[in-house]
Amino acid sequence: ALSAAGERSREELLGELAEREAELERCHSRIRQLESSVAHISQARQEVLNSFSWRLMAPARFLLLLLKSPHYATQVLTQYLLQKAPAPLRKMVMEMQGVVTKVEEDHFAQAISWEEFEATVLSRRAEYNGVFIQEATIPWIVDLHQRPQHMATALGRKGYLVIYRSILDPVQGFCEVAKNVWVTRGEEVERIEGAVHSFYSTAYHYTPAKVAEIRGKSGAVMYEYIDHIDPQISGDNPELIRMLEDLRDFALEGGYDYVACSARVLFEEMSARVEPAKLMMIPNGVDTAHYRAPDNRTVKLPTEYTRFRQRFNKVIGYFGAIAPWIWYEMLEELTAERDDIGFVFIGPDYLGCVEKLPD
């Protein structure tokens, strides 16, 4: 009787296992169908963006954006014109904006061609730990270096060959800007096999179809989830927000080889749908050597600042963008409660936000 009961139990377990395997296969089939749908939708979307009618209606779309958000529309138009402008004009405009200095302009003039880069740098790729390509995010020469520049220089110091792709930097060819770090506007880098390409969650220069194309012909692709998709960070253009959401959803659907998150809350959001082997958390950090450099001691500080320091026993400093995502209400409460502490904010003004800081 016991033997018969055990045999029935075994048959039941095998039957249940077969049912689960069938269900798993149905899930895999559904995933393949969804991936195919995403690819078709991305391709169709790209065809629409490339169509004559879409380009024909561009002025009307821009006019609508101008009515809804004049400041943001101006930014979009400026970026578009800079992308299309000849290199000398682009450099002149960026210099007028304070983005490019004479030293940086002269440095970019030393750029080499793709053929020279291939012959003198790529030919020695075996000497590097790997090839890391930072896909276009922000220009290399902005007045505030951020995560992509710091990650690039850190990987360069670690012995990787780093290529920093740009859209707005006034460089023709390839220019070395730090140890093992090269800036370029060239598309030839997509032909480099075995590289890792990093796409930022805040950069809307790519589509899922383009990411898949690079992945297929060049190497591994990584999605860096550095901020929530939010109009305060990426602007209030619904079309651009939708593009960023498409790239994020592409990550959730397995379109990337790796997903890196800059904060715990972003990591937890992704961990619900991204397999653990692909997911990592790389939080922001501080380049302490930059702040502890001996040259800092010889810098002459402005009189206004030294007088400010003398008024307070303690000073709290902030270094970064003065941007919409700062918690200004909290700062207002904090400064009102602690008039014994001085607060110093250092950084570029994004969208007139300096006016929001308390006295």
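These remarks concern the structure in this document. (Residues numbered from 1 in each chain as written. Predicted model: local features only at pLDDT ≥ 70, side-chain atom pairs only at ≥ 80, totals over all residues. Heavy atoms only, no water.)

1. Observations regarding the overall build of the protein
A tally of helices and strands in the protein yields 15 helices and 10 strands. Within the span of the protein, comprising 359 residues, buried residues form 34% of the whole. Look at the contacts in the protein between residues 6 or more apart in sequence, and 66% of them connect residues 24 or more apart. Of the accessible surface of the protein, which amounts to about 22100 Å², a share of 56% is contributed by carbon and sulfur atoms. (Helix = DSSP H or I, 4+ residues; strand = E, 2+ residues; numbered from the N terminus. Buried < 20%, exposed > 50% of the residue type's maximum accessible area, 1.4 Å probe, protein only. Contact = heavy atoms within 4.5 Å. Areas by Shrake-Rupley, 256 points an atom, 1.4 Å probe, with all protein chains shown as cover.)

2. A word on the packing of aromatic side chains
Summed over all chains, the structure comprises 13 aromatic pairs. An aromatic cluster of three or more residues is present, and its members are Phe 199, Tyr 206, Tyr 223, Tyr 225, Phe 250 and Tyr 256. (Phe/Tyr/Trp six-rings, centres within 6.5 Å; stacked < 30°, edge-to-face > 60°.)

3. Considering a nonpolar patch on the surface
On the surface, Val 286, Tyr 291, Phe 319 and Ile 346 cluster together into a nonpolar patch covering about 440 Å² of accessible area. Residue placement: Tyr 291 occurs in helix α13 (residues 288-291). (Patch = residues over 30% accessible without salt bridge, like charges linked within 9 Å, V, L, I, M, F, W, Y side chains within 5 Å. Salt bridge = Lys/Arg side-chain N within 4 Å of Asp/Glu carboxyl O.)

4. Considerations on the sheet that holds strand β7 (residues 258-261)
Through backbone hydrogen bonds, the strands of a sheet pair up, either in parallel or in antiparallel fashion. The strand order across the open sheet formed by eight strands is β3-β4-β2-β1-β5-β6-β7-β8, and the pairing between neighbours is mixed. At either margin of the open sheet sits one strand with a lone partner, and together these are β3 (174-178) and β8 (279-281). Here the strands of the sheet are splayed against their neighbours by 25° on average, with no regard to which way each runs. Sheet topology note: the strand β2 (residues 161-165)/strand β4 (residues 181-184) ladder contains four bridges and is parallel. (Pairing = 2+ DSSP bridges. Axes fitted to C-alpha atoms, helices over the stretch in contact; angles between N-to-C directions.)

5. Concerning unusual backbone geometry
With a phi angle near 65°, Asn 180 is a residue other than glycine that sits in the positive phi range. With a relative accessible area of 14%, Asn 180 lands in the buried category.

6. Concerning the pairing of β4
By the alternation rule, side chains of β4 split into Val 181 and Val 183 and Trp 182 and Thr 184, which are all buried. The hairpin turn running from β3 into β4, its antiparallel successor, is two residues long, and Asn 180 in that turn takes a positive phi close to 65°.

7. Quick notes on the pairing of strand β1 (residues 131-134)
Every second residue of β1 is oriented toward a common face, with Val 131 and Ile 133 on one face and Phe 132 and Gln 134 on the other, all of them buried. Note: β1 against β2, four bridges, orientation parallel. Opposite Ile 133, over in β2, you have Ile 163 as the bridge partner. Of the strand pairs in this sheet, β1 and strand β5 (residues 195-200) are connected by three bridges, and their pairing is parallel.

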